[in-house]
Amino acid sequence: MTSKRILITGAAGRLGTILRQSLAGRFELLRLSDIVPMTATAEGEQIAPCDLADAAAVRDLCEGMDAVIHLGGIPYETGWSEMLRTNIAGTVNLYEGARHAGVDRVIFASSNHATGMYPNDRTLTGGSPPRPDSRYGLTKAFGEDVAALYAYKHGIRSLCLRIGSCLPKPDNRRALSTWLSHKDFVRLVEVGLTADYVHEIVYGVSRNTRSWWDNSAAYRLGYEPLDNAEVYAAEVESIELKAELARLYQGGNFVPEEFTSRREWLG
Ligand SMILES: NC(=O)c1ccc[n+]([C@@H]2O[C@H](COP(=O)([O-])OP(=O)(O)OC[C@H]3O[C@@H](n4cnc5c(N)ncnc54)[C@H](O)[C@@H]3O)[C@@H](O)[C@H]2O)c1
């Protein structure tokens, strides 16, 4: 089935804004939803404010949609009450709304934090069982199971993206492994909108030389990332070195001013 009418939750957020710009004008309808105010700016866009915690409102929100890209939620660690309300109830409400509306597929923004307690010398796949590193990561692991319930029981195709670090460019050593470029993020979502799957969990990561994740499941679905964090390795090492020097000396951030490499510092 070709998706023509697409709902994006969390559309006002960082990833939602990237997607909105890339998908504008390409579908019959792009329904953009968030809890914060937004304005339609392109042909085919429709603004639909909604609190994901409101089950009845989410049910209305999903009406008439072919596909949902579920980005809405809290993307950082916080207390249980907000996690339960937004990430747990919000995701259940979304899938239940999708079921009532007969939605064909849901792309769920999971997170690498669903598997954050694996040591970084382990190579993981989308089949690696969750080892959440936080309440936040636990809500994402839960979301992956909600996706499985609605995929296998109710026939909603579900692609869960364990997103790494979706940034303009990697800005620390960890991100050399976890970076997902904006363009590769869009490429992965495009795969989610078109590929044939029932329930899949893949990593949202570019083709990084230092990746901790074997993303062959995503490649099988047709994902072809074109970016590699390694291009930024020297820049990142310089940032890391400066932070290390600033920590070592009483002068803090003034100390590393002239040094761009470890060799320069050590003389
Ligand atoms: N950015 C990343 O690198 C990254 C990494 C891993 C996972 N993710 C996941 O991707 C998704 C998008 O991330 P982001 O970086 O764009 O985050 P973001 O905070 O910029 O966007 C999330 C959006 O969800 C909305 N939202 C929050 N509570 C809501 C509610 N109750 N009802 C409706 N909308 C609500 C917010 O207003 C916000 O616009 C999140 O689910 C996040 O957990 C992102």
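Predicted model only: the values in this text are computed from it and were never measured.

Participant: Could you give an account of helix α8 (residues 233-248), naming the residues involved and the relevant values?
Facilitator: Helix length check: α8 (16 residues) gives 23 Å between terminal C-alpha atoms against 22 Å at 1.5 Å per residue, within 8%. Of the positions making up α8, those classed as buried are Ala233, Val236, Ser238, Glu240, Leu241, Leu245 and Ala246. If you follow the buried residues of α8, they end up packed against α5 (175-178) and α9 (262-266).

Participant: Go over the site of the ligand, please, and point to the residues and values.
Facilitator: Taken together, 26 residues surround the ligand, and among them Arg14, Leu15, Asp34, Tyr136 and Cys166 come closest. A distance of 2.8 Å is found between an oxygen atom of the ligand and a backbone nitrogen or oxygen belonging to Leu15. Here an oxygen atom of the ligand and a backbone polar atom of Cys166 are 2.8 Å apart. If the ligand stood free it would expose 820 Å²; the protein chains cover 88% of that surface. For the shell around the ligand, the elements supplying multiple residues, two or more each, are α1 (14-23), α3 (80-101), β5 (105-111), α4 (135-152) and β7 (165-166). Element by element, the count of residues in the shell around the ligand is highest for β5, at 3 residues. Of the residues belonging to the shell around the ligand, the class tally is 12 nonpolar, 9 polar and 5 charged.

Participant: Hey, could you go over the side chain of Ser3 for me, with residue numbers and the actual values?
Facilitator: Within the element layout of this structure, Ser3 appears in the segment before β1 (5-9). Apart from residues no more than four positions distant in its own chain, Ser3 is found in contact with Phe27, Asp66, Ala67, Arg105 and Leu193.

Participant: Mind laying out the packing of aromatic side chains, listing which residues take part and the relevant values?
Facilitator: Per the counting criterion, the structure on display carries 5 aromatic pairs. Where Trp179 meets Tyr232, the ring centres are 5.5 Å apart and the plane angle is 75 degrees; that geometry is what we call edge-to-face. Taken together, the residues span a long stretch of sequence, with Trp179 in strand β8 (residues 179-180) and Tyr232 in the loop between α7 (216-221) and α8 at a distance of 53 residues. Centre to centre, the rings of Tyr219 and Tyr223 are 6.1 Å apart; their planes meet at 35 degrees, and the pair counts as tilted. On the basis of relative accessible area, Tyr219 is assigned to the partly exposed category, the value being 32%. Ring pairing ties together the aromatic residues Tyr203, Trp212 and Trp213, which thus form one cluster. Over the ring of Tyr219 we find Arg207, and its NZ or CZ is 4.8 Å from the ring centre.

Participant: Explain the domain arrangement of the protein chain to me, and be specific about the residues and the numbers.
Facilitator: Domain parsing of the protein chain yields domain 1 (5-227) and domain 2 (231-267). Taken over both partners, the interface formed by domain 1 and domain 2 buries close to 730 Å², and the fraction arising from carbon and sulfur atoms is 54%. Ranking the residues of domain 1 by area buried against domain 2 places Lys169, Arg173 and Leu176 at the top, with a combined share of 58%. Inspection of the domain 1/domain 2 interface yields 3 salt bridges. Across the salt bridge formed by Glu237 and Arg210, the nearest N and O atoms sit 4.0 Å from each other. Run the count over domain 1 and domain 2 and you get 3 residue pairs in polar contact (both at pLDDT 80 or more). Classifying every residue of the side of domain 1 that touches domain 2 by side-chain character gives 3 nonpolar, 1 polar and 4 charged.

Participant: I'd like a rundown of the pattern of salt bridges, residues and numbers included.
Facilitator: A complete count under the given rule lists 15 salt bridges for this structure. Arg157 is the salt-bridge partner of Asp196, the closest N and O atoms lying 2.7 Å from each other. One end of the pair, Asp196, is in the loop between α6 (182-194) and β9 (199-204); the other, Arg157, is in strand β6 (residues 157-163), with 39 residues separating them in the sequence. Of the charged contacts in the structure, one is a salt bridge between Lys169 and Glu235, with a shortest N-O distance of 2.6 Å.

Participant: I'd like a description of the nonpolar core, backed by residues and values.
Facilitator: One finds Ile8, Leu19, Ile69 and Phe185 to be the most contacted residues of the largest nonpolar core, which totals 33 residues. Considering each element in turn, this core owes the most residues, 6 residues, to α6. The residues touching Ile69, leaving out its near neighbours within four places in the chain, are Ile6, Leu7, Ile8, Thr9, Leu19, Leu23, Ile107, Val189 and Leu193. One finds Val58, Met65, Val106 and Ile156 within the second-largest nonpolar core, a separate group that totals 23 residues.

Participant: How would you summarise the side chain of Thr86 if you had to cite specific residues and measurements?
Facilitator: Locating Thr86 in the fold gives a position in helix α3. For Thr86, the side chain forms a polar contact with the side chain of Glu82, separated by 2.7 Å. Beyond its immediate sequence surroundings of up to four residues, Thr86 is in contact with Gly73, Ile74 and Thr91.

Participant: Explain the environment of Ile47 residue by residue, including any values.
Facilitator: Structurally, the position occupied by Ile47 is in strand β3 (residues 45-47). Taking the C-alpha atoms as reference, Ile47 lies 4.9 Å from Leu32; in sequence the two are 15 residues apart. Not counting chain neighbours up to four residues away, the residues in contact with Ile47 comprise Arg20, Leu32, Met38, Thr39 and Ala40.

Conventions adopted
Residues numbered from 1 in each chain as written. Predicted model: local features only at pLDDT ≥ 70, side-chain atom pairs only at ≥ 80, totals over all residues. Heavy atoms only, no water. Helix = DSSP H or I, 4+ residues; strand = E, 2+ residues; numbered from the N terminus. Expected span 1.5 Å × (residues − 1). Buried < 20%, exposed > 50% of the residue type's maximum accessible area, 1.4 Å probe, protein only. Contact = heavy atoms within 4.5 Å. Near = heavy atom within 4 Å. Polar contact = N/O pair within 3.5 Å; in protein donor to acceptor, adjacent residues only side chain to side chain. Areas by Shrake-Rupley, 256 points an atom, 1.4 Å probe, with all protein chains shown as cover. Nonpolar A, V, L, I, M, F, W, Y, C, P; charged D, E, K, R; others polar. Phe/Tyr/Trp six-rings, centres within 6.5 Å; stacked < 30°, edge-to-face > 60°. Lys NZ or Arg CZ within 6 Å of the ring centre and 35° of its normal. Domains from an automatic or database assignment. Buried area = accessible area lost by both parts, 1.4 Å probe. Salt bridge = Lys/Arg side-chain N within 4 Å of Asp/Glu carboxyl O. Core = buried A, V, L, I, M, F, W, Y, C linked by side-chain atoms within 4.5 Å.

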